[in-house]
Amino acid sequence: MEIKKINQIKYLDKNISEIFLPLLFVIIGLFAVFNHSLWRDEMQGWLVAWQSNSLIDLWKNNAPSGHPVLWSLLVYFSKNITGTPLSMQLMHWLLGSSAIVIFWKYSPFNFTTKALFTFGYYPFWEYFVICRHYVIAELIIFIFCSIYNLKEK
């Protein structure tokens, strides 16, 4: 009886930890959104969308940048939320948070591996704090990996 109770407590602690760390990631990311000054290459994505009055203009303005048009399209549709680059940062935060939540929910890795990956340089800094189009690839890859095993069912 005592061992069963200890195992239940360990299971509960594991579940709380698996909720707490992604939540901590999301909260730190939101803090970063409000405190991160955009760099020139981040601001370029915003300026392409901001200077575009139509989707045709967006296509033309995005062509010299070499960035995927999907990123510019998402920024274009989010630019009127606040009218400032903050709307792009909030959209980026939402995409990055979604990617990490999907990673935590569906990845087969153990707790330590998930935690180390989540707060690693690329997932946290390059794909979450810095507003670039990389977050779209991360999210698509995590979605693909989470539904890949469904094809066999």
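Treat the numbers as computed from the prediction; the structure is a model and nothing was measured.

This paragraph deals with the overall build of the chain. In terms of regular secondary structure, the chain is built from eight helices and zero strands. Among the 153 residues that make up the chain, the fraction classed as buried is 37%. Contacts spanning at least 24 positions in sequence make up 66% of the contacts within the chain whose residues lie at least 6 apart. Surface summary for the chain: the accessible area is close to 9,900 Å², and the carbon and sulfur share equals 68%.

With 29 residues, the main nonpolar core has Trp71, Val75, Met88, Met91, Leu95 and Trp104 as its most contacted residues. Counting residues per element, the ones that place at least two in this core are helix 1 (2-35), helix 2 (40-50), helix 4 (69-78), helix 5 (85-106), helix 7 (121-129) and helix 8 (134-147). Residue contributions to this core peak at eight residues, all from helix 5.

In this structure the tally under the stated criterion is 16 aromatic pairs. With a centroid separation of 5.4 Å and 35 degrees between ring planes, the pair formed by phenylalanine 103 and phenylalanine 142 is classed as tilted. Here phenylalanine 142 lies in helix 8 and phenylalanine 103 lies in helix 5, a separation of 39 residues in the sequence. Accessibility assignment for this pair places phenylalanine 103 and phenylalanine 142 in one class, buried. An aromatic cluster is built from Phe25, Phe119, Phe124 and Phe128, whose rings are joined through pairwise contacts.

Moving on, we come to a nonpolar patch on the surface. Taken together, the side chains of Ile143, Ile147 and Leu150 define a hydrophobic patch exposed on the protein surface, amounting to about 250 Å² of accessible area. Residue position: isoleucine 143 is located in helix 8. Overall, isoleucine 143 belongs to the partly exposed group, its relative accessible area being 35%.

Another aspect to go through is the environment of aspartate 41. In this fold, aspartate 41 is placed in helix 2. Between the alpha carbons of aspartate 41 and isoleucine 130 there is a distance of 9.7 Å; along the sequence they are 89 residues apart. At 2.6 Å, the side chain of aspartate 41 forms a polar contact with the side chain of arginine 132.

Here helix 3 (residues 55-62) crosses helix 4 at 135 degrees, and the two axes come no closer than 10 Å. Here helix 4 runs oblique to helix 3, going by the angle between their axes. The crossing of helix 3 and helix 4 is right-handed. Side by side, helix 3 and helix 4 meet where Leu55, Leu58, Trp59 and Asn62 of the first sit next to Val69, Ser72, Leu73, Tyr76 and Phe77 of the second. In terms of residue class, the contact of helix 3 with helix 4 is built from seven nonpolar, two polar and no charged.

Here we come to the side chain of glutamate 42. Within the secondary structure layout, glutamate 42 lies in helix 2. Although glutamate 42 is buried, it makes no salt bridge; arginine 132 carries the closest opposite charge, 5.7 Å away. One polar contact links glutamate 42 to histidine 36, side chain to side chain, over a distance of 3.0 Å. Not counting chain neighbours up to four residues away, the residues in contact with glutamate 42 comprise His36, Ser37, Met88, Val129, Ile130, Cys131 and Arg132.

Definitions and limits used
Residues numbered from 1 in each chain as written. Predicted model: local features only at pLDDT ≥ 70, side-chain atom pairs only at ≥ 80, totals over all residues. Heavy atoms only, no water. Helix = DSSP H or I, 4+ residues; strand = E, 2+ residues; numbered from the N terminus. Buried < 20%, exposed > 50% of the residue type's maximum accessible area, 1.4 Å probe, protein only. Contact = heavy atoms within 4.5 Å. Areas by Shrake-Rupley, 256 points an atom, 1.4 Å probe, with all protein chains shown as cover. Core = buried A, V, L, I, M, F, W, Y, C linked by side-chain atoms within 4.5 Å. Phe/Tyr/Trp six-rings, centres within 6.5 Å; stacked < 30°, edge-to-face > 60°. Patch = residues over 30% accessible without salt bridge, like charges linked within 9 Å, V, L, I, M, F, W, Y side chains within 5 Å. Salt bridge = Lys/Arg side-chain N within 4 Å of Asp/Glu carboxyl O. Polar contact = N/O pair within 3.5 Å; in protein donor to acceptor, adjacent residues only side chain to side chain. Axes fitted to C-alpha atoms, helices over the stretch in contact; angles between N-to-C directions. Parallel < 35°, antiparallel > 145°, perpendicular 65-115°, else oblique. Left-handed = near helix turned anticlockwise from the far one by under 90°. Nonpolar A, V, L, I, M, F, W, Y, C, P; charged D, E, K, R; others polar. Lys, Arg positive; Asp, Glu negative; His and termini not counted.

Keep in mind these values describe shape, not function.
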